[in-house]
Each structure stands twice: as C-alpha cells, then as structure tokens.
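Spelled out, the chains give:
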Amino acid sequence: MCGIVGAIAERNITAILLEGLKRLEYRGYDSAGLAVLDASGALRRLRRSGKVAELESAQREAELGGRLGIAHTRWATHGAPCERNAHPHFSGDDLAVVHNGIIENHEALRRQLKADGYVFSSDTDTEVIVHLLHQKLDELGDLTVALKAAVKALHGAYGLAVVSARQPDRILAARSGSPLVVGLGLGENFLASDQLALRQVTDRFMYLEEGDIAEIRRDSVQVWNQAGDAVNREVVQYHEGAEAADKGEFRHFMLKEIHEQPKVVQRTLEGRLAQDHVLIEAFGPTAAELFARVRNVQIVACGTSYHAGMVARYWIEELAGIPCQVEVASEFRYRKVVVQPDSLFVTISQSGETADTLAALRNAKAAGYLASLAICNVGTSSLVRESDLTLLTQAGPEIGVASTKAFTTQLVALMLLTLSLGRARGALAADVERELVDELRRLPTRLGEALAMDPTIEKVAENFAEKQHTLFLGRGEQYPVAMEGALKLKEISYIHAEAYPAGELKHGPLALVDSHMPVVTVAPNNELLEKLKSNLQEVRARGGELIVFADGSAGIEDGEGTVLVKMPHIHDALSPILYTVPLQLLSYHVAVLRGTDVDQPRNLAKSVTVE
Ligand code: HGA
C-alpha cells in the first residue's frame, strides 16, 4: 500500500527519495509526490498521479533539489486517486505532511478546522492532520511539541512524516498502526515505512513502536513513546542479501519468486527439523508447554494467507486430531466469537501489517485465547511483535503483488505447526512424523521438478487466452489449492475464476459448464480420486474442457476434451504445496498472454495496511 520516504542530509536528497519510492512501488499505489526544502529555504512540492517515473521526470524538469524532504506513494482510501489528493499535503506554504493509514474522525476535525478558517484543497482524511498541526504550531511555536499535541486528537491509524520550513533542521515521524523505520547514516538520517526503501543508503535501522514520535535530525534521532517519555529504540543491523529489488534473468518478479520456491522452502525448514521430528522450540521458548494444552485452533487471515489456513485445517484435524476453524480476518474481527477453552489463536500474514489480521489479533487478546501465534514473513512486523509465539517464513521480500513463495512457505510453516501440535498432544505416531519430516526434506527437490514443467504449462495457458470464465475444482485439502489457483488467475489475468469443491459441482455450478468454460482440476492420487473422476465425467458430459493436474498413477487419460498435466509423485499430505506451483505458473503465463501488468495488477496493493 502507500509508502513513505524521508531524508535529511548534507547532500541533495531528491534522488534518495525517488529511489526509495521506486523500491516501494511493488506495494501498489496510484499517485506519488514529494516535498523538498530548496536552497532558498522554501518548501517546494511536486505530485503526479500514476507512476513514480512521472514524478521523477517532473522533478528533473523542475530541477528541484534540497537537503531535507519527504515523499510518498499513495493508495487512495479517502478521495479519488488524482494529483490534487496525492501527498504531501500542505498547510500554508511552509508545512508538509505525508501519511499512511486512515484518520477516522476526519470529518469532525475538518468541520472544526474550517470553522477556524482553514481552507482545504483535497478530499483526503490526511489534510486534516497538516492543518491541525499548523494550528498547534502557531499556538505552541515548536514543531515537535506541536506534533505531540496534534496526534492526541487523531483517531485511526497513521504513519506520518512531517517537514516544515520554519524548523528545517528536522523530519518528524509519528507511528500509530502503520509501520515506520528510521534509517541511520553517517551525518545523515532517513525515514521510511519499510526498510527496503532505504537499503540503498544504510543497513542500520531503528524501528518505531506503536505510539512513538521521533525527531530525526542530520546527526541525531530522539524518540518519545506513547506516554511521552524519551526512549531508546534498539538499532538493528540488517544482514539479508540485497536480492529483493532485482528481477535478475526473469521477466517479472512474480516469475522470479515462483522459481525461488525450492530455495525459500528449504530456508523455512532450516533449523526447525531434528532427525525425525520438528523442533517445537522453533515457535518460541514456551511453545512446548503451550502446545500440549491446545484443544482448539482458530486461524485468522486474509486472501492467499486465508487459503493457507484452509489447507492447515485439513492437516491439523487429520494429523494432530485437534478441531480447527479458519476465518477471514475482516469477518472475524467484527463478530462476537465464542472462544473454546484452550484455543490457540493463529494469524497468517506475509507482511505482518495486514490491518484486518492485526485488528483480529488485538481483539483476540481480550477474548481469552490460550496464546497467539503469528506465521509471518517479516520478523519486525507488528503482527510478530504483538504475538506470543512466532514462526517466521523465510520467503525473503516478495515484490509481485500476487503472492506465490509467501504462500508455499506459509504452508510449510503450517505443516511444522501441525506436526508440533500433533506430537505435543500425543496424537501423532512417531513413525508418521518421521515419514513427513523426511518428505519435507525432499520437498525442495519435488518443487524443482514441478518448476521444470514450466514449458508444458506455458502451452496449456494458450487454452485460456481467449476465455472469460473458468472453474477450479479440488477435493479435500486440494479444495483450498483450487481456491488459491482461482485467486491467482483472477488477480493477474482478470479472468473470472471460481473454485468449488468438486463434489459441489452438481449442486449448481455445473449449469455454467460448456465449451467456453475451461475446468481446471487438481487431482493427486488419494482416496478421493475415484469420486473426483466421476465429477470430471460430469464436466465432460456437458462439453466442458478439462485441464487436469494429476499424479501419473491416477489413471486419468489425456485425450479429447481433457488435457492431462502429469505431476511428480508426492506424499498426500504435502500435495497441496506441490500442486500450487503449476497453478501459479498457469496464471502467470495466461496473464503474460493477455498482456496484463503481472507484478502490479490493477486495483490491487501489496501489504494491505488499511481496513
Ligand atoms: N488515507 C490517506 C492515506 C491512504 C493510505 O494509507 N493508503 O494505504 C489517503 O487516502 O490519502
């Protein structure tokens, strides 16, 4: 979603701001802008709707430069995506604010500020912040003191960066519900909503916590906590390879990330497996004792992560013998939930900043769950910091908006959870655990075999180039895999795709089936295969075109109206992870054939930090 970058230095910082914004482009946005204090001491602003590249050429044309500035990529929540609503927002000509998040009481504040004589030039909720701050600055005289006072009136979520020509020695930051990180340089300092934006200039970071206000000067950083006390926040040195923002040999980040799956699955397993069992301590020092008490599991997540949770429900009930419920976070958070005794609350999120999931976690804290566990790809995220236990996926930064490697690593993490719960509860036989641990070790190789099918799948994709609708079918734990396959296809190719449990076909969706409706099916050779084959006959009898991903031993024949894609053999329990890969590749190739923006599909954003 939106991104913030700020810099204060002895050198011209516009290139740093623009590069930072580019590194955040993958999150999705609709407009971009920056404000820089120029050599004459005036605060100058440039905004463009559309891409950062347009802002960059405007900046070159305007020859705008300076040593202090803030910049933003916006994903509209209040007011249309257009230049007038793009950030930074100004009050007068000497105060600028960029904002990630939502101010819920913006209407009341706007009325009050208008009555006080402020004139609004945008439809955003953000603009109330800058006028409110201006009012406080006039009243109190100091920018830092004014910001501390202003945020007290704000309800909602914000990550803020502020600069003023009146006090050009600082950038101010405030965090409540939206992440911010200070980047530390030598005689220069930076601010961003994600450290990825600043990796070009530093590898030392200070993460702001909920309620923090920071005053960032060229040679010092001062932080105050929610209570107003001066605090020291830990400085972290970032070590991970700078592999994220480069597509390498691949045409799109999504394709690169699909191909990274053997490696990142391997990484996610590292340090977590003993010879024949999963190391429960990987979930945290208290995990063994807590897991032994778990009698129910409640999983909450959104989008692709929700599908990972759906797969885990089959696993947890079958292998750990524990009842498991899965719900989308935006529903769960507003529902009166009956909490069963000794329930483990599990959240799944790539970014760990997903607003609905985070809110669900916060509600759950008061609801009497035994403990909370986050399965997340970002170790420094709010979700991780606010959960009792964590298992980090090691997918590395995911740039493509459509999630791929984050999903498969989530599934691996959830399998580790299943096995840990099963053992802690005494429900999992040692030989079953050993077998699955061995299979997990072989999984990266199997994933490599699935990736080698790419040329075949590229050909299969041609069947979809002209189609408007598709069905995805699966049974058992392959049903959520079908759901994820359908989601991927709609996200990046804009083809309408729906997933059904194969047994449901005859209860309605069969009416849609004709020769214009390809039906994609994931069919490993398990105990549901014979039932699935009957469902496929139902489709063929109506002239439907079948694309079947099946184990070579499944006995499904390639032929008239049926395209068979033979999959490598895999243990049943791990088949959801393997069968996801060809569906990702299928969506990718269909999208390429249709010429869509694969990495940044329309209307979507990465890391959905608003409700
Ligand atoms: N509410 C502000 C910022 C939006 C945002 O944080 N998006 O992720 C606006 O609409 O401009």
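That block above? That's the structure.
Structural notes, computed from the coordinates. (Residues numbered from 1 in each chain as written. Predicted model: local features only at pLDDT ≥ 70, side-chain atom pairs only at ≥ 80, totals over all residues. Heavy atoms only, no water.)

Our next topic: helix α18 (residues 575-594). For α18, with 20 residues, the first-to-last C-alpha span of 29 Å sits near the 28 Å given by 1.5 Å per residue. Counting buried positions over the 20 residues of α18 gives 17, a clear majority of the element. Phi turns positive, to about 70°, at Gly595, one or two residues after α18. (Helix = DSSP H or I, 4+ residues; strand = E, 2+ residues; numbered from the N terminus. Expected span 1.5 Å × (residues − 1). Buried < 20%, exposed > 50% of the residue type's maximum accessible area, 1.4 Å probe, protein only.)

To continue, consider the environment of Leu68. With respect to the secondary-structure elements, Leu68 resides in strand β4 (residues 68-74). A relative accessible area of 4% places Leu68 in the buried class. Sequence-distant contacts of Leu68, that is, excluding residues within four places in its chain, are made with Ala7, Ile8, Ile13, Ala35, Val36, Leu37, Val163, Pro168, Arg170 and Ile171. (Contact = heavy atoms within 4.5 Å.)

Looking at helix α7 (residues 261-269), one finds that the buried residues are Gln261, Pro262, Val264, Val265, Thr268 and Leu269. Considering only its buried residues, α7 is in contact with α6 (253-259), β20 (389-392), α13 (405-424), α14 (430-451) and α18. A positive phi of about 75° marks Gly271, the residue just after α7.

Note that Ser122 resides in the loop between α3 (106-115) and α4 (126-140). Those residues in contact with Ser122, other than ones at most four positions away along the chain, are Arg84, Asn85, His89, Arg110 and Glu127.

For the rest of this paragraph, the subject is the sheet that holds β20. Spatial ordering of the open sheet is given by β17-β16-β18-β19-β20, a layout of five strands whose pairing is parallel. What marks the edges here is a single partner per strand, and that holds for β17 (324-328) and β20. The sheet shows a mean angle of 20° between the axes of neighbouring strands, direction not considered. Bridge count for strand β19 (residues 371-376) against β20 is four bridges, and the pairing is parallel. Across the sheet, Ala374 pairs through a bridge with Thr390, a residue of β20. Together, β16 (296-301), β18 (343-349) and β19 form the strand contacts of helix α11 (residues 355-365), whose direction differs from that of β18 by roughly 165°. (Pairing = 2+ DSSP bridges. Axes fitted to C-alpha atoms, helices over the stretch in contact; angles between N-to-C directions.)

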